[in-house]
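Take a look at the letters that make up each chain.
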Amino acid sequence: MELAFQGQRVQPWPAPEGLAQLISRWLGDPKISKNFTLDSEIPATLATFAPFPDGLATPIADALRRRGMNSLYSHQAEAFERSTAGQPIVVATPTASGKSYCYLLPVLQSMAMEPEARALFLFPTKALSRDQEAALRALMTDAGISHGAVTFDGDTPADARRAARDRSGVILTNPDMLHTGILPHHASWARFFAGLKYVVIDELHTYRGVFGSHLANVLRRVDRIARFHGATPRYIMASATIGNPAEHASKMLGRDVALIDRNGAPSGSKRVLVYN
């Protein structure tokens, strides 16, 4: 039987290691450092806050305070003001800047004010729909809004589909399911379309080429069917930072869309190195 190793154990990294040490070692090696064509520091930015809008329903404001939010980022407040005023908007701010509140707050506001208000959320993937469903339900519960939120896709059981159609305040789905599973049967969805106040399109930058053209035509069907049932929904779109968010959103919707791209969320400093 072999004995356990009795020799001196050596640490795999005898010196402190980390990203800073790695970059320092690269820059200190002439063979490596000569290939860096850029070494730039992007400074940190502070948050820009705005108070809760005057019209924000008290239960929603209380729910936000219980989550430790006593104010909004400036782009969230601007999105609320513009969307509740009836403007179609596209929010184009960086990842983790709180874009979801830009559409959640106007939607919940409409439901707090009107029991029959409904909303349609479009996501490009099922996973995003499921994630947003959980977050939306939690916020609705905190705010005492009982409209309900249901993901409607190919994995939704038949009984849940009936409940979504008859009782849910928010339907979360994807463009294909909307095109094939909801719009052709809009007579069965009459109550939902009659109360449709908001259509939310997240991850707008993913809709391009044939997929984007498909969604643009589906949205025109949504408008036509909503008008048939007596509703005029407002549109809120959200996108990662792209070069032409207003132009892209306007082509998608077929009319002018207000751009919100002044990010109020804080960001840490970044160091950018380009190696050739």
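This text follows the structure it describes.
Presented here is a report on the structure given in the accompanying data block. What you are looking at is a predicted structure, and each value in this text was computed from that prediction instead of being measured.

### A short note on the pairing of strand β5 (residues 118–122)
Here's step 1: Of all the five residues making up β5, five are buried; the element is thus mostly covered by neighbouring parts of the structure.
Here's step 2: The two faces of β5 match: R118, L120 and L122 on one face and A119 and F121 on the other face are all buried.

### Observations concerning the sheet that holds strand β6 (residues 149–151)
Here's step 1: Spatial strand order, β6-β7-β5-β8-β9-β4-β10: seven strands in an open sheet with parallel pairing. Either end of the sheet is taken by a strand with one partner, and the two such strands are β6 and β10 (258–260). Each strand of the sheet is rotated relative to its neighbour by a mean of 15°, with strand direction disregarded.
Here's step 2: In terms of strand pairing, strand β4 (residues 89–92) meets strand β9 (residues 234–239) through four bridges, oriented parallel. Bridged to I89 within β9 is I236.
Here's step 3: Here helix α10 (residues 209–228) sits on the sheet in contact with β5, β8 (196–201) and β9, set at roughly 175° to β8.

### What about helix α8 (residues 175–182)?
Here's step 1: Buried within α8 are the following residues: P175, M177, L178, G181 and I182.
Here's step 2: Looking at the packing, one finds that the buried side of α8 touches β5, α7 (158–167), β7 (170–173), α9 (190–194) and α10.

### Focus: the nonpolar core
Here's step 1: The biggest cluster of nonpolar side chains holds 41 residues, and the ones touching the most others in it are L64, F121 and V170.
Here's step 2: Beyond its immediate sequence surroundings of up to four residues, V170 is in contact with V107, M111, A119, F121, L136, G148, A149 and V150.
Here's step 3: With 31 residues, the next largest nonpolar core counts M177, L196, Y235 and A249 among its residues.

### Focus on the packing of aromatic side chains
Here's step 1: One pass over the structure, following the stated rule, counts nine aromatic pairs.
Here's step 2: Aromatic side chains W189 and F192 sit 5.7 Å apart centroid to centroid with 80° between the ring planes, which places their arrangement in the edge-to-face category. Just as W189 is buried, F192 falls in that class too.
Here's step 3: Connected via pairs of aromatic rings, a cluster forms that spans F152, W189, F192 and F193.
Here's step 4: Above the plane of the ring of F152 lies R161, whose end atom (NZ or CZ) is 5.4 Å from the centre.

### A closer look at the pattern of salt bridges
Here's step 1: Tallying each qualifying case throughout the model produces 13 salt bridges.
Here's step 2: D62 is paired through a salt bridge with R65; the nearest N and O atoms lie 3.2 Å apart. Remark: R65 and D62 occur in helix α3 (residues 58–66); sequence separation between them is three residues, near one turn of the helix.
Here's step 3: Put simply, R262 and E78 hold a salt bridge, and the shortest N to O gap is 3.3 Å. A residue pair is termed long-range when its members are at least 10 positions apart, and R262 in the loop between β10 and β11 (270–275) and E78 in helix α4 (residues 74–84) qualify at 184 residues.
Here's step 4: Residue classification places R262 among the exposed residues on the basis of a relative accessible area of 56%.
Here's step 5: Connected through shared salt-bridge partners, E78, R82 and R262 make up one network.

What counts, and at which threshold
Residues numbered from 1 in each chain as written. Predicted model: local features only at pLDDT ≥ 70, side-chain atom pairs only at ≥ 80, totals over all residues. Heavy atoms only, no water. Buried < 20%, exposed > 50% of the residue type's maximum accessible area, 1.4 Å probe, protein only. Helix = DSSP H or I, 4+ residues; strand = E, 2+ residues; numbered from the N terminus. Pairing = 2+ DSSP bridges. Axes fitted to C-alpha atoms, helices over the stretch in contact; angles between N-to-C directions. Contact = heavy atoms within 4.5 Å. Core = buried A, V, L, I, M, F, W, Y, C linked by side-chain atoms within 4.5 Å. Phe/Tyr/Trp six-rings, centres within 6.5 Å; stacked < 30°, edge-to-face > 60°. Lys NZ or Arg CZ within 6 Å of the ring centre and 35° of its normal. Salt bridge = Lys/Arg side-chain N within 4 Å of Asp/Glu carboxyl O.

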